[in-house]
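# Descriptive structure summary
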Amino acid sequence: MKGFLVAVVVAWLAATSTAHAENVDVVVQAGHEGRPASCAPNHVHACNIGASSAAGREIVWTPIVADAVTKTLRAAGLRVARRPADYPQHDTARIAIFIHFDGSDPPCASGTSVGFPSTTSRTFVAAWERAYRGFFPFHVAGENISSNEEHYYGFHKVDAPQKMLIEYGELTCPAQAAWLKPRLHALGEFTAHFIIGQLR
Ligand SMILES: [Zn+2]
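In this text, all values refer to a predicted model and were calculated from it rather than measured experimentally.

Conventions used here
- Position numbers for residues count from 1 along each chain, tracking the sequence in the order it is written.
- Since the coordinates come from a predicted model, pLDDT governs what is reported: local features require at least 70, and pairs of side-chain atoms require 80 or more to be given and counted, while whole-chain, interface and lining totals use all residues.
- The side-chain quantities take in all heavy atoms of the structure and omit both hydrogens and water.
- The disulfide definition used here is simple: a pair of cysteine sulfur atoms within 2.5 Å.
- A simple rule labels every residue: compare its accessible area, found with a 1.4 Å probe on the protein chains alone, to the largest value its type can have, and call it buried under 20%, exposed over 50%, or partly exposed in between.
- Secondary structure elements are taken from DSSP: a helix is a run of H or I of four residues or more, a strand is a run of E of two residues or more, and numbering for both begins at the N terminus.
- For salt bridges, the criterion is a side-chain nitrogen of Lys or Arg within 4 Å of an Asp or Glu carboxyl oxygen.
- When checking whether two residues touch, look at their non-hydrogen atoms; a contact exists if any pair is within 4.5 Å.
- What counts as an axis is a line fitted to C-alpha atoms, over the stretch in contact for a helix, and the angles between N-to-C directions run from 0 to 180 degrees.
- Oblique is the label for any angle not covered by the other classes, which are roughly parallel (under 35 degrees), roughly antiparallel (over 145) and roughly perpendicular (65 to 115).
- By definition, turning the near helix anticlockwise from the far helix through less than a right angle yields a left-handed crossing, and turning it clockwise yields a right-handed one.
- Ten residue types, Ala, Val, Leu, Ile, Met, Phe, Trp, Tyr, Cys and Pro, are classed as nonpolar, four, Asp, Glu, Lys and Arg, as charged, and the remainder, Gly among them, as polar.
- Excluding water, the donors of a metal are its N, O and S neighbours within 2.8 Å, or within 3.2 Å for Na, K and Ca, and that exclusion means sites may look incomplete.
- Side-chain rings of Phe, Tyr and Trp (the six-membered ring for Trp) are treated as a pair once their centres are within 6.5 Å; stacked means planes under 30 degrees apart, edge-to-face means over 60, and tilted covers the remaining angles.
- Definition used: whenever NZ (Lys) or CZ (Arg) falls within 6 Å of the ring centre and also within 35 degrees of the ring normal, the charge is taken to sit over that ring.

Attention now goes to the state of the cysteines. By definition, a disulfide links two cysteine residues through a covalent bond between their sulfur atoms. Evaluated as defined, the whole model comprises two disulfides. Here C39 pairs with C47 through a disulfide, and the sulfurs are 2.0 Å apart. Handedness of the C39-C47 disulfide follows from its S-S torsion of about 85 degrees: it is right-handed. Judged by relative accessible area, C39 falls into the buried class, the value being 4%. Disulfide pairing places C108 opposite C173 at an S-S distance of 2.1 Å. Between C108 and C173, the S-S torsion sits near 95 degrees, and that sign places the bridge as right-handed. Residue C108 is located in the loop between β6 (95-102) and β7 (112-115), and its partner C173 is located in the loop between β10 (162-170) and α5 (174-180); the two are separated by 65 residues in the primary sequence. By relative accessible area, C108 is classed as partly exposed at 39%. Listing the disulfide partners of the protein chain by sequence rank of the bonded cysteines yields 1-2, 3-4.

As C-alpha cells, this is what we get:
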C-alpha cells in the first residue's frame, strides 16, 4: 500500500512539473511582445519595449515575423511553442529562435546581427549567417555585439542545443526599415525554411 502511494505521488509530481513546460521541436519567441504589461507579473525589472522609428515599432514587427515562422513550421509538421517576451514556462526544444530588430543612435550604424550562448554550435550560426547574407542587402553588424545579445535572458527559458537571437536589421535606419517593413512575412518564411533545413 505504501509503495502504491509513493508511485501515485511520483506520477502526480511528474505530471505537475511538465504541465508548465513544453517539449517541442522549435521555440519561437517574438521579442518584446506583450510588454510592458507582462513585466510586473513575471518579475522583469529591465522592461525593454524595443526599438522604434518613423517606419515602425519593433514590438509590432516581431510578432508578425514570429507568427509567419510558426505557421510555416507547423505546416511542415513541426511542433512549435510560440512565446512572447515574458512567460512562466520553461521549454525543451531542438532549436530556439528569438526575433528582434535593432535600433541605433546614430541611425544606420548597425544592421543584422545574431546573439547566441557558447553552447550553440558554430556550424548552426555560420549556416544562418551565410543564408541571411544572401537575402539581406545591408550591413552585417556581427555576432554577440552587445551583452543583451550574448547573455539574452530568453536563453535561460529553454533547454535547446541551438539557441539564437536574430536581429534582422536596423529599424532606425530608413533604408533598412524600408526594405524590412514589406518583408516581415517573408522574413518569417525564410527563417522557417532555414530551421526546417537544419532539422532534417
Ligand atoms: Zn529587441
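Attention now moves to the pattern of salt bridges. Here the structure, examined in full by the defined rule, presents eight salt bridges. Note that R83 and E22 form a salt bridge whose closest N and O atoms lie 3.8 Å from each other. Residue R83 is found in strand β4 (residues 80-83), and its partner E22 is found in the loop between α1 (2-19) and β1 (26-30); the two are separated by 61 residues along the sequence. In this structure, D86 and R35 form a salt bridge, with 2.8 Å as the shortest nitrogen-oxygen distance. With D86 in the loop between β4 and β5 (91-92) and R35 in the loop between β1 and β2 (52-53), this residue pair connects regions lying 51 residues apart in the sequence. Accessibility expressed as a relative area gives 8% for D86, which makes it buried. Classification of R35 as buried rests on a relative accessible area of 10%. When salt bridges with common partners are traced through the structure, they connect E22, R83 and D91 into a single cluster.

This paragraph deals with the side chain of S38. Relative to the helices and strands, S38 is located in the loop between β1 and β2. On the basis of relative accessibility, which here comes to 11%, the residue S38 falls in the buried class. Residues within four places of S38 in sequence aside, it is in contact with E33 and D86.

Two elements in contact, helix α3 (residues 122-133) and helix α6 (residues 184-199), have axes whose closest approach is 11 Å; the angle formed by their N-to-C orientations is 140 degrees. In terms of orientation, α3 and α6 fall into the oblique class. In terms of crossing hand, the pair formed by α3 and α6 is right-handed. Contact with α3, carried on its side by F124, A127, W128, A131 and Y132, involves L187, F190, T191, F194 and Q198 of α6 and no other residues of that element. The class makeup of the residues in the contact of α3 with α6 is eight nonpolar, two polar and no charged.

Moving on, we get to the coordination of the zinc ion. On the protein side, the zinc ion has H32 (NE2), E58 (OE) and H100 (ND1) as donor atoms, found 2.1 Å from it. Within one chain, the residues donating to the zinc ion are spaced in sequence as H-x25-E-x41-H. With H32 in the loop between β1 and β2 and E58 in helix α2 (residues 58-75), the pair connects residues that are 26 residues apart, well separated along the chain. Owing to a relative accessible area of 7%, H32 belongs among the buried residues under this scheme.

Another point: the packing of aromatic side chains. By the definition in use, this model includes 20 aromatic pairs. Through a chain of ring-to-ring contacts, three or more aromatic side chains come together here, namely W61, F101, F124, W128, Y132, F135, F136, F138, Y168, W179, F190 and F194. The ring of Y87 carries the charged tip of K157 above its face, separated from the ring centre by 4.6 Å.

Geometric descriptors of this kind do not, in isolation, establish any biological role.
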